Structures are given as structure tokens and as C-alpha cells.
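# Reading the structure
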2 protein chains.
Amino acid sequence: MPVEEIDRRIVTLLAADGRMSFTDLAKETGLSVSAVHQRVRRLEKRGVLRGYAALIDYDEIGLPLTAFISIKPIDPAAADDAPERLSHLTAIESCHSVAGEESYILKVRVASPLALEDLLNQIRAAANVSTRTTVVLSTPYDHRPPAIAP
Amino acid sequence: MPVEEIDRRIVTLLAADGRMSFTDLAKETGLSVSAVHQRVRRLEKRGVLRGYAALIDYDEIGLPLTAFISIKPIDPAAADDAPERLSHLTAIESCHSVAGEESYILKVRVASPLALEDLLNQIRAAANVSTRTTVVLSTPYDHRPPAIAP
DNA sequence: GGTGAAAAGTTTCGGCG
DNA sequence: CGCCGAAACTTTTCACC
């Protein structure tokens, strides 16, 4: 059962402004407040809306260094439980399983180069992997909301 | 002027739940509702809180294919205006300038392999770059909120 | 899906430490 | 100067059509 027109509009609006009120969502969609409310709750229950987050400036909270870390198991036959083995490391913001040369791509946020070095050692030890790190210099844009699909 | 203890706590709480009410933030921080309100508005004005977003399940909105695209200018002396040249492509969720072999890493969301092919052609044409694409197979976790810094 | 009214949340503001 | 508390206003929630 696919998400149809009006639900997709609600999702898109909330992706762009996670704190938009039901009143404003109702105006934008032409529905009543309670109908919008009902749909949002249903979308949350179905998992289409997975949650809400403030977008924050990591420089300002003492985590100015962002990096992508690609990882590859040392033992090619190793069980692929790297995500669980690494999940306790709170510097890791996301973990994607990927096709290609490496197995996973992690996005991490740390305070300093030294903290990155420390994190890399922890990752290698915890998951028995080799790592390839790409340091982010700047972020022209991030978290752009999806375009409304036709 | 760094963000201190109590502000960092507010930011962390909102990063984990972008719709948390001022009342709940007040309870968590031990401040009054109006004091929390004041601090949140100040953090927004300063840009520490950059906005709010719903976290969405892209499978459900018809964009089930995620990929990372690393790009490199064809002409090494080219002006580095790739981000602006690409910003009209709404499939691109984020753009990071990076150190290393390539110049930028893009994260994209598309409907299908065919849509990805089309996007790659548009990227190459718009920014005069070569591309290297890593397809995401699954995402064990994403958008984990930052740990409260000491 | 809509209505309406009670409950809850947000915003503003005068005054206090 | 930032914090508090209360009043004014807005949004959310819920029972019922």
C-alpha cells in the first residue's frame, strides 16, 4: 500500500520543517486539523515518519571534525556484524552497508584529529576491519528535503 | 563564545527529539518554561540550532535507492563551483567538500537504477566532473544524535 | 473526514534576584 | 542580564457526528 499524494505532501512538509504545526499542515493540504493529525499519527505508526530531529551546527557543540570511514573486514569470511560491534561508539552518526570495494560507510563526528585517530583504533579493534578515511573540509549543503514525487 | 552546559543539553535533547515541548525541555533542564524558550530562540538565532526535520523512510516515498557519489573535476584547474552547479538537482540530499582523491561526496536519493543513471549524466554534464558511485544496500543506523559532550 | 470544546503547549511581558 | 510566573493566545487532543 503506497503512500499517496496527500500523505506525501505531509511527509515532504515535515521533512522541510519538522516543527510545523498541525494547523499549518492543514492549511497547506486543505484538510481539517484533525484529519491531518490522524494522517500524521498513522504515518508515524507505519514508520514512514521515523522521528523528528533538530539540525545542529556541530562546530558549535565541540564536534567540528566530520569524516567518512569506509571499512572492510580483515578476514573476508568474517560474520558481518560490524554495525552491532560498532554501535556503542557514539561518534558514529550513521552506518550504511554498501556495494563495492568496501563493506560499510560510516559517518562520524569528532572533536579533533586526535579524537579521530582514537576512534579509528577503536573501530579497527571492535570490528576487526581495515579503514579508509575521508575527512570533510566543508559542507556546502546537507539534509535537503526530498522533492515532492509526482 | 562556546555553548555551555545547559545549552548543550537543550541541543542534545532536541537533536534526539526535534518536537520535544518546551515544558518537557524545562523539566529535563530544571529551568522554567520561559527560560528554556528564551534559550532555544537564542540558539536558533545564533545558528546552533539550524532547523528541524522529520526523519523519513525513503523507501515509502518512492525513493528507495540511496547512493554516495564521489566527484572529481575533469579539468583539474576548474573553478570549484560544483556545489552551485549541482544544487538544482533535488535528488542530491547533501554535498560535502572532502580531502583525498576526489573533491566532493554527494549523497543522493533516487527512485530506481535508471533514475540513478540519469542523475549521473546530469551531474557529469552540469559540473564537468567524473563520478564514482557507491550504492547503499541497507542502513543499519542513521542520524544518531550526538553524545552529550563533557 | 469533520466539529467543537477541554487540555496542553507556546509566546509575551512585568518584575525579581 | 537572565530567570521566573502568570496572562493571553494558539495548538493538540478526543469524544462524537
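Keep in mind the model is a prediction, meaning the values are calculated, not measured.

The subject of this paragraph is the overall build of chain A. Scanning chain A for helices and strands turns up five helices and five strands. Going from the N terminus to the C terminus, chain A shows its helices and strands as α-α-α-β-β-α-β-β-α-β. Relative to the globule expectation of 15 Å for 150 residues, the C-alpha radius of gyration of chain A, 20 Å, shows a markedly less compact shape. Along the three orthogonal principal directions, the C-alpha set of chain A runs to about 55 × 40 × 25 Å. Taking all 150 residues of chain A together, the buried fraction comes to 47%. For chain A, the proportion of contacts with a sequence separation of at least 24, taken over those separated by at least 6, is 62%. Carbon and sulfur atoms form 53% of the exposed surface of chain A, whose accessible area is close to 7,300 Å². Averaged over its 17 positive side-chain charges, chain A has a centre that lies 7 Å from the centre of its 20 negative ones.

For the rest of this paragraph, the subject is the relation of the copies chain A and chain B. The operation relating chain A to chain B is a screw motion whose rotation component is 180 degrees, with 0.0 Å of axial translation and a residual RMSD of 0.1 Å. Overall, the copies show the geometry of a two-fold rotation axis.

Quick look at helix H5 (residues 113-127) of chain B now. All names here are of chain B. With 15 residues, H5 ought to run about 21 Å at 1.5 Å a step, and its terminal C-alpha atoms sit 21 Å apart, in line with that. All of the buried residues along H5 are Leu 116, Leu 119, Leu 120, Ile 123 and Ala 127. Down the axis of H5, the buried set is contained in an arc of 105 degrees. They therefore lie on one face. Away from its buried face, by an angle of more than 90 degrees, H5 presents the exposed residues Leu 114 and Ala 125. Asn 128 sits one or two positions beyond H5 and adopts a positive phi of about 50 degrees.

A word on the interface of chain A and chain B. In this assembly, 60 residues from chain A lie in contact with 59 residues from chain B. Together chain A and chain B conceal approximately 5,400 Å² of surface at their shared face, both sides included; 57% is due to carbon and sulfur atoms. Contact with chain B buries surface across chain A, with A:Arg19, A:Tyr141 and A:Arg144 losing the most and accounting together for 14% of the total. If you look at where chain A meets chain B, you find two salt bridges. Linking chain A with chain B are 42 residue pairs in polar contact (both at pLDDT 80 or more), by the criterion used here. Within the residue set of the side of chain A that touches chain B, elements represented by two or more residues are helix H1 (5-16), strand E1 (49-56), helix H4 (82-86), strand E3 (92-98), strand E4 (104-110) and strand E5 (129-141) of chain A. Considering each element in turn, the side of chain A that touches chain B owes the most residues, nine residues, to E5(A). Broken down by class, the residue content of the side of chain A that touches chain B amounts to 35 nonpolar, 13 polar and twelve charged. Pairing between E1(A) and strand E1 (residues 49-56) of chain B: seven bridges, direction antiparallel. The residue bridging A:Tyr52 from the neighbouring strand is B:Ala54, located in E1(B).

Another point: the side chain of A:Thr66. Residues and elements named next belong to chain A. By the element assignment, Thr 66 lies in strand E2 (residues 65-73). Classification of Thr 66 by relative accessible area gives buried; the value is 8%. A distance of 2.9 Å separates a polar atom in the side chain of Thr 66 from a polar atom in the side chain of Arg 109. Those residues in contact with Thr 66, other than ones at most four positions away along the chain, are Lys 107, Val 108, Arg 109, Val 135 and Val 136.

On the basis of which strands lie adjacent, the closed barrel formed by eight strands has the order E2(A)-E4(A)-E3(A)-E5(B)-E2(B)-E4(B)-E3(B)-E5(A) and antiparallel pairing. Pairwise comparison of adjacent strand axes, ignoring direction, gives a mean angle of 35 degrees for this sheet. Pairing analysis gives seven bridges linking strand E2 (residues 65-73) of chain B to strand E4 (residues 104-110) of chain B, with the strands arranged antiparallel. Paired with B:Leu65 across the two strands is B:Val110, which belongs to E4(B). Each of E2, E3, E4 and E5 of chain A is contacted by helix H5 (residues 113-127) of chain A, which is oriented at about 140 degrees to E5(A), the strand it contacts most. Across the sheet, H5(B) lies against E2, strand E3 (92-98), E4 and strand E5 (129-141) of chain B, angled at about 140 degrees from E5(B), the strand it touches most.

The rules behind these values
- Residues numbered from 1 in each chain as written.
- Chains lettered and ligands numbered in written order.
- Predicted model: local features only at pLDDT ≥ 70, side-chain atom pairs only at ≥ 80, totals over all residues.
- Heavy atoms only, no water.
- Helix = DSSP H or I, 4+ residues; strand = E, 2+ residues; numbered from the N terminus.
- Rg over C-alpha atoms; globule rule 2.2 N^0.38 Å.
- Buried < 20%, exposed > 50% of the residue type's maximum accessible area, 1.4 Å probe, protein only.
- Contact = heavy atoms within 4.5 Å.
- Areas by Shrake-Rupley, 256 points an atom, 1.4 Å probe, with all protein chains shown as cover.
- Lys, Arg positive; Asp, Glu negative; His and termini not counted.
- Charge placed at Lys NZ, Arg CZ, Asp CG, Glu CD.
- Least-squares fit on C-alpha atoms with pLDDT ≥ 70 in both.
- Expected span 1.5 Å × (residues − 1).
- Arc of directions from axis to C-beta.
- Buried area = accessible area lost by both parts, 1.4 Å probe.
- Salt bridge = Lys/Arg side-chain N within 4 Å of Asp/Glu carboxyl O.
- Polar contact = N/O pair within 3.5 Å; in protein donor to acceptor, adjacent residues only side chain to side chain.
- Nonpolar A, V, L, I, M, F, W, Y, C, P; charged D, E, K, R; others polar.
- Pairing = 2+ DSSP bridges.
- Axes fitted to C-alpha atoms, helices over the stretch in contact; angles between N-to-C directions.

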